[in-house]
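Per-entry structural report
Listed below, chain by chain, are the residues.
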Amino acid sequence: MYVNILQSRPPVKRRAQQVIRLSGESLENLEDLAKRANCLYSKRSKRAGEPDVNSFLKGLGTSPDVPFPTKSFEQVWDEISTELHLPADNAKPKHSGEIHDEEAKKLFDCKFQTVFRSKCEQLLHEMLKFAGGSFKTHEEQWKLFGNLFNEGTGDKQTDKFNRFMYEKVFLGLAGNKGFKEFLPNKIRTDQHAQNKLKFIVKSFLPDVNESCTLTLKANMSKNSYNTYWREIPRTHRLAVPMRKIGNCRVMKKIWLKKALKVFRTEQKCWGADLQTSVKLKAVQDNLHRKKVLILVFNTDATVLTKSTGCETKHTEVSFTLLTPLNQCVDAEERKEMEKRVRQALDAVTLMVLPVGDNAKNMKFNFWEPYEKEIVSLLKNGLQIENNDMEVVCFFRADLAGHNGLLEQGGVSDASGKFCIHCEETSESKRAGNFMFLSENNAQDGLSLRQFAERYTLNPSDIELMNSMVKVSVDLGSVEMIDLSSTGAEQLLGRCVSPENQQKLSKCFEHPDMLMPDNVVLPCLKLCKISRECKHLKDAQFKSLHFIYCSLHLKLRFVNLLLNYVYEVAANKHKVAAVNRILQRFHVNMELKNDRDQQRQLNGKMCKRFMNAFPAIMDLLLPDSDDGKRQEWKVAIDDWNHIIQVLSCQYYDKISATDAKQLPTRIRSFCVKLINLVGDVKRLQSFYFHSMLVGHIGEQFTYLYEEFGIPIGLLSLSPIEKRHEAFGR
């Protein structure tokens with residue numbers, strides 16, 4: 001006889017009812033649960049209002065309205081404190097996150113899992129039953145939970161109360177301590193986990209286009225990248241292979257050459273079509289719907305790392321796009337635009353020249369291919385997607401770059417004019433005729449203040465220049481006064497006469513009173529920016545659009561002070577003492593009695609030198625001359641304010657008052673510096689000339705008022721940073 005061992009046992013008949021007798025603590029606990037579940041005897045009952053345990057127990061099996069009550073955190077913590085015999089004076093946490101005792105944490109987690117795992121398992125079982133089908137692994141079962149969540153509606157107010165969004169669920173789990181400790185170790189060691197989570201990690205890593213750009217930027221060779229890619233298996237599965245990067249490079253080069261209409265000049269300079277490049281960049285920066293587009297050309301020459309051991313200069317011509325303040329929709333758009341312009345990688349390379357940026361190279365390689373295009377943009381504007389835009393052009397470069405672009409100014413100017421913006425000649429610059437004499441006409445009806453404002457000065461500046469004129473006449477050295485005009489010498493004699501000085505003293509006491517007739521007073525030269533770019537004459541393009549760089553202005557002025565300090569120290573035999581001060585302030589410069597020494601400081605050293613400057617002047621000036629020390633302090637304070645406003649790259653950080661007063665403050669500072677230095681040979685800097693005659697103030701006001709652009713935003717700082725990004 002064979003017995004089937006797999007045969008199931010006969011079913012046991014279920015009980016129809018069961019009687020349970022409760023008493024003591026068990027009854028009290030169930031009564032408490034029934035009360036919290038709102039299961040109470042009715043008003044007709046003798047026990048009206050008391051907990052109905054019988055209804056509560058029946059409701060657990062039949063009625064969904066009777067929930068299984070959950071303990072509060074306070075009750076759970078009381079149980080934990082009792083079980084672990086925690087002292088009564090122990091700090092009571094307000095929630096589970098404040099539990100610091102390790103044993104209490106473990107016990108809380110155990111209770112939490114005991115209560116809610118069964119509920120979660122029951123929910124999961126019901127979900128699987130509802131969904132149907134076979135779910136072989138636990139992973140597939142939990143995968144079904146994802147159907148409970150959604151992306152949200154996109155409305156911030158509605159989604160604020162939606163706790164079932166993918167973002168909230170995922171970030172909540174990612175913030176859990178257990179997940180944080182488990183996932184990193186699991187991902188590094190488990191290949192199955194790596195494959196499952198690969199889509200997340202890949203979103204952090206560069207894609208094929210970014211990898212192509214970054215390897216070019218880092219100048220990384222194919223072998224170097226392959227070593228990095230193959231060394232670690234998990235990296236091998238996630239990083240983009242070199243084969244795809246190589247294909248992407250080839251396709252990018254082909255596309256760029258066609259899309260940008262790349263050409264090559266006779267001197268092997270590579271360039272792109274201007275209008276095509278500007279259109280692509282305008283669309284990329286979302287500027288193609290504006291009415292006015294500002295196109296800024298950037299030129300900078302340097303020695304690249306790709307020409308190691310070779311002193312041949314390479315010049316990059318790039319462009320930056322922005323829009324005037326009144327074209328921005330709101331403050332956020334303007335701030336975003338300013339942020340973009342400050343970034344080194346925002347500028348678009350238009351041309352690369354394997355030569356320097358002198359006038360000859362720029363003429364044959366930049367102006368010949370681009371002159372007509374730039375004139376066309378200035379005259380006719382630019383059309384993108386049926387939107388006609390007015391184009392305003394600016395050029396930013398260092399002084400050598402501006403000389404090369406304009407083919408004027410400096411020692412190579414054929415006309416002998418020293419300045420790129422005005423008619424100042426090299427002879428006049430060397431002569432140092434900073435001041436001129438003016439005779440007041442009563443018909444003009446001017447007060448001293450009005451006269452000073454006409455020449456962008458303060459009345460106190462006129463008074464200081466008057467003192468300088470008197471001292472110069474007494475010493476017999478009037479080189480700072482322009483006496484080239486007819487009758488200038490007679491005016492000088494009348495200016496220092498007692499009668500004229502008496503009239504001037506009354507004017508200085510009452511600057512708002514009308515000046516008397518025929519009074520002679522000194523004034524500082526003021527020249528408007530008047531020269532034009534000869535390559536863009538057809539568009540009447542003024543050199544006003546060739547921007548001063550506040551970075552180079554700061555460097556050149558500090559180097560002017562450095563040379564002044566050396567000359568004064570050498571005359572007083574205190575060079576060694578000055579070097580000790582420089583060393584104390586960590587300035588990497590040792591002054592030597594050598595005419596050929598290049599006394600120039602970089603940005604960081606300039607800042608340290610200005611910190612050391614008061615101590616140096618205390619050394620060089622005699623103790624009895626406290627007035628001179630105070631004048632230097634006032635002058636340096638003025639300079640710090642001026643360079644702070646000129647270097648500011650944020651429109652909101654420049655007050656309207658500072659912007660209005662800056663041109664006057666610059667020229668006032670120049671008057672103070674002339675008085676303190678007292679030697680025209682030490683004030684031969686191009687940038688000092690530009691401050692003195694008002695060019696920098698005029699350009700600052702033009703950019704600030706016409707376009708809402710601070711001149712500091714168009715400094716060469718981001719272009720200099722491109723050397724770090726792409727190599728020198």
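Above this text sits the structure in question.
Remember, predicted model here, so these are calculated numbers, not experimental data.

**Concerning the pairing of strand E4 (residues 314–322)**
Across the nine residues of E4, nine count as buried, placing the element largely inside the fold. What you see with E4 is no split at all: His-314, Glu-316, Ser-318, Thr-320 and Leu-322 on one side and Thr-315, Val-317, Phe-319 and Leu-321 on the other are buried throughout.

**Considering unusual backbone geometry**
We note that Thr-456 has phi near 55°; this positive angle belongs to a residue other than glycine. Relative to the assigned elements, Thr-456 resides in the loop between helix H20 (448–454) and helix H21 (459–475). For His-573, which is not glycine, the phi torsion reads 55° and is therefore positive. Relative to the helices and strands, His-573 is located in the loop between helix H24 (550–571) and helix H25 (575–584).

**A few points about the nonpolar core**
One finds Phe-609 and Trp-632 to be the most contacted residues of the largest nonpolar core, which totals 144 residues. Element by element, the count of residues in this core is highest for H24, at twelve residues. Excluding its chain neighbours within four sequence positions, the residues that come into contact with Trp-632 are Leu-561, Tyr-564, Phe-613, Met-617, Leu-621, Leu-673, Leu-676 and Val-677.

**Remarks on the side chain of Arg-667**
Here Arg-667 is to be found in helix H28 (residues 656–677). Within the buried set, Arg-667 has no salt-bridge partner at all; the shortest N-O distance to an opposite charge, 7.6 Å, is to Asp-461. The contacts of Arg-667, once residues within four sequence positions are left out, are Tyr-455, Thr-456, Leu-457, Leu-524, Lys-525, Leu-526, Met-691, Leu-692, Val-693 and Gly-694.

**As for the side chain of Thr-456**
Take Thr-456: its relative accessible area is 18%, and that puts it in the buried class. Once residues within four sequence positions are removed from consideration, Thr-456 is found in contact with Leu-526, Pro-663, Thr-664 and Arg-667.

**A short note on a nonpolar patch on the surface**
Taken together, Leu-173, Phe-179, Phe-182 and Leu-183 make up a surface patch of nonpolar side chains, about 350 Å² in accessible area. The element that contributes the greatest number of residues to the nonpolar patch is helix H8 (residues 177–189), accounting for three residues. Relative to the helices and strands, Phe-179 resides in helix H8.

**Notes on the packing of H21 against H28**
The N-to-C vectors of H21 and H28 enclose an angle of 20°; their axes lie 10 Å apart at closest approach. Between H21 and H28, the angle falls in the class roughly parallel. Crossing hand, H21 versus H28: left-handed. Contacts between H21 and H28 involve Asp-461, Leu-464, Met-465 and Met-468 on the former and, on the latter, Ser-668, Val-671, Lys-672, Ile-674 and Asn-675. For the contact of H21 with H28, a count of residues per class yields five nonpolar, two polar and two charged.

What counts, and at which threshold
Residues numbered from 1 in each chain as written. Predicted model: local features only at pLDDT ≥ 70, side-chain atom pairs only at ≥ 80, totals over all residues. Heavy atoms only, no water. Buried < 20%, exposed > 50% of the residue type's maximum accessible area, 1.4 Å probe, protein only. Helix = DSSP H or I, 4+ residues; strand = E, 2+ residues; numbered from the N terminus. Core = buried A, V, L, I, M, F, W, Y, C linked by side-chain atoms within 4.5 Å. Contact = heavy atoms within 4.5 Å. Lys, Arg positive; Asp, Glu negative; His and termini not counted. Salt bridge = Lys/Arg side-chain N within 4 Å of Asp/Glu carboxyl O. Patch = residues over 30% accessible without salt bridge, like charges linked within 9 Å, V, L, I, M, F, W, Y side chains within 5 Å. Areas by Shrake-Rupley, 256 points an atom, 1.4 Å probe, with all protein chains shown as cover. Axes fitted to C-alpha atoms, helices over the stretch in contact; angles between N-to-C directions. Parallel < 35°, antiparallel > 145°, perpendicular 65-115°, else oblique. Left-handed = near helix turned anticlockwise from the far one by under 90°. Nonpolar A, V, L, I, M, F, W, Y, C, P; charged D, E, K, R; others polar.

By themselves, these observations are geometric and do not establish any function.
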